[in-house]
Amino acid sequence: MSTAGTPTTTRTLDAAAPVRLSSIEVRLITLTLVRPFETSFGRVDARVVPLIRMVADGVEGWGEVVADTQPLFGAETITTARHVLADCFIPALLNRPLSAVTDVAAALRRFKGHQMAKAGLELAFMDLAARSRGISIREAIGGTRTAVPVGVSLGIEQTIPILVDQVLAHVAQGYQRIKLKIKPGWDLDVVGAVRDAYPKGWLSVDANTAYTLADTEHLRQLDAFDLLMIEQPLAHDDMVDHAALQRALRSDICLDESIPHARAAAHALALGSCRLINIKIGRVGGYTEALGIHDTCQTRGVPVWCGGMLECGIGRAHNLALASLPNFSLPGDISASKRYWHRDVITSPFDVAADGTVAVPSGPGIGVTIDHDFLESITIDHQQFTA
Ligand code: OSB
Ligand code: MG
């Protein structure tokens, strides 16, 4: 018999029949952000996005790799991803039958690290597998929500009044939670000013590793603002100092960079390094680990939410499918396409409803239609690997 908090959903992670991939493509596209996005680790104006397309028996599947050009969020880059995809991972997937997305994970398990590159392949396979059955990924993974609550992540701005305007504009669009990027020198005054303008709503901050344990007394002052969470204050590879900081804070710590897979999530919860976890399917190697983190947290009564990496419509569609799972009970960083791009790569861009939710696509696979002409026009490189 199941107990409260124990995952009970049934999942269909396999394709209709064992898959033999005939080709895997790696395509690089470029997209310019509507507004530059600045975090504690740097400022981004435009993105290069590696996309993965798999084909088997006339069915295709699409995935996205969330690596950036520089190793600032994590150690991977677009160049390292292209290398391990071409030289290690894709050869390990071609010319062998793959029944389920877990077989993709198993085939890549002996290769250490490179979760972002692995995720691109798992995402494409999951799309293909669900399409082969004519079901959505939401149905395949046992997602229960048809629309998911969303928030917006707002970058560091030139001045506090500019940021406050951004906050109020996004609250007016329905976003259920505002997340502010912070760093030393852009924290207490900024959060205080936003709290004054937005006194009641869900507010969180994300430091992207910008502090150390020596900043404990400084960070304790954030407790005054009744924050929903403080995301990744300390180093990306730290669990022990985060546990010490969490003991010193009233606010909940949420880990992002520090959770590359399900085992790390279990360790963080066992150590008390955080009270919340943000799952980014692209950071953790894809569906296999993302589902594992979801279930690990659900079993322990720990809520999760879906993070973002400024994805285009393909990665965003995967994020929405994932966020349909029952334990995604806090708003995700899954904002409208127009918050990022003048034109998205899908024919029906994502939008936020007045109630602060985004609908989960119901069509087969990721449930979106690629705008092929636009995709072709922004493609800067294309590699194809065949069986
Ligand atoms: O730390 O959550 C983060 C964007 C790029 C890299 C890291 C992060 C972010 C965001 C934006 O916060 C999330 C999004 O809207 O996609
Ligand atoms: Mg983060």
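About the cut-offs
Residues numbered from 1 in each chain as written. Chains lettered and ligands numbered in written order. Predicted model: local features only at pLDDT ≥ 70, side-chain atom pairs only at ≥ 80, totals over all residues. Heavy atoms only, no water. Donors = N, O, S within 2.8 Å, 3.2 Å for Na, K, Ca; no water. Helix = DSSP H or I, 4+ residues; strand = E, 2+ residues; numbered from the N terminus. Buried < 20%, exposed > 50% of the residue type's maximum accessible area, 1.4 Å probe, protein only. Phe/Tyr/Trp six-rings, centres within 6.5 Å; stacked < 30°, edge-to-face > 60°. Lys NZ or Arg CZ within 6 Å of the ring centre and 35° of its normal. Pairing = 2+ DSSP bridges. Axes fitted to C-alpha atoms, helices over the stretch in contact; angles between N-to-C directions. Contact = heavy atoms within 4.5 Å. Salt bridge = Lys/Arg side-chain N within 4 Å of Asp/Glu carboxyl O.

(A) Structural view of the coordination of the magnesium ion (ligand 2). Taken together, Asp-206 (OD), Glu-231 (OE) and Asp-256 (OD) make up the full set of protein donors to the magnesium ion (ligand 2), lying 2.0 to 2.2 Å away. Expressed as a motif, the donor residue spacing for the magnesium ion (ligand 2) is D-x24-E-x24-D. Here Asp-256 lies in the loop between β11 (253-255) and α9 (262-271) and Glu-231 lies in strand β10 (residues 229-231), a separation of 25 residues in the sequence. There is no split in this pair, since Glu-231 and Asp-256 are both buried.

(B) Spotlight on the packing of aromatic side chains. In total, this model carries 3 aromatic pairs according to the counting rule given. Between Phe-41 and Phe-73, the ring centres sit 6.4 Å apart and the planes meet at 65°, which makes this aromatic pair edge-to-face. Residue Phe-41 is located in the loop between β2 (23-39) and β3 (42-56), and its partner Phe-73 is located in the loop between β4 (59-64) and α1 (78-93); the two are separated by 32 residues in the primary sequence. Taking the relative accessible area as the measure of exposure, Phe-41 reaches 29% and is therefore partly exposed. Between Tyr-340 and Trp-341, the ring centres sit 6.1 Å apart and the planes meet at 35°, which makes this aromatic pair tilted. Above the face of the Trp-305 ring, Arg-177 is positioned so that its terminal group lies 5.4 Å from the ring centre. Positioned above the aromatic ring of Tyr-340 is the side chain of Arg-339, whose terminal nitrogen or guanidinium carbon lies 5.2 Å from the ring centre.

(C) Focus on the sheet that holds strand β12 (residues 276-279). Read from one edge to the other, the open sheet built from 7 strands follows the order β7-β8-β9-β10-β11-β12-β13, with strand pairing classed as parallel. Only two strands of the sheet have a single partner each, and these edge strands are β7 (152-154) and β13 (304-306). Strand after strand, the sheet turns through a mean of 30° between neighbouring axes, direction not considered. Against the sheet, helix α6 (residues 188-197) touches β8 (177-181) and β9 (202-206), its axis set at about 165° to β9.

(D) Inspection of the side chain of Thr-216 at higher detail. Mapped onto the secondary structure, Thr-216 falls in helix α7 (residues 216-220). For Thr-216, a relative accessible area of 14% translates into the label buried. Dropping the residues within four chain positions of it, Thr-216 is found in contact with Leu-245 and Ala-248.

(E) Just the pattern of salt bridges, in detail. Under the definition given, this model contains 21 salt bridges. Arg-82 is paired through a salt bridge with Asp-381; the nearest N and O atoms lie 2.6 Å apart. One end of the pair, Arg-82, is in helix α1; the other, Asp-381, is in strand β15 (residues 379-386), with 299 residues separating them in the sequence. Relative accessible area serves as the criterion here: at 26%, Arg-82 is assigned to the partly exposed category. For Asp-381, a relative accessible area of 27% translates into the label partly exposed. The closest approach of N and O atoms between Lys-181 and Asp-206, which form a salt bridge, is 2.8 Å.

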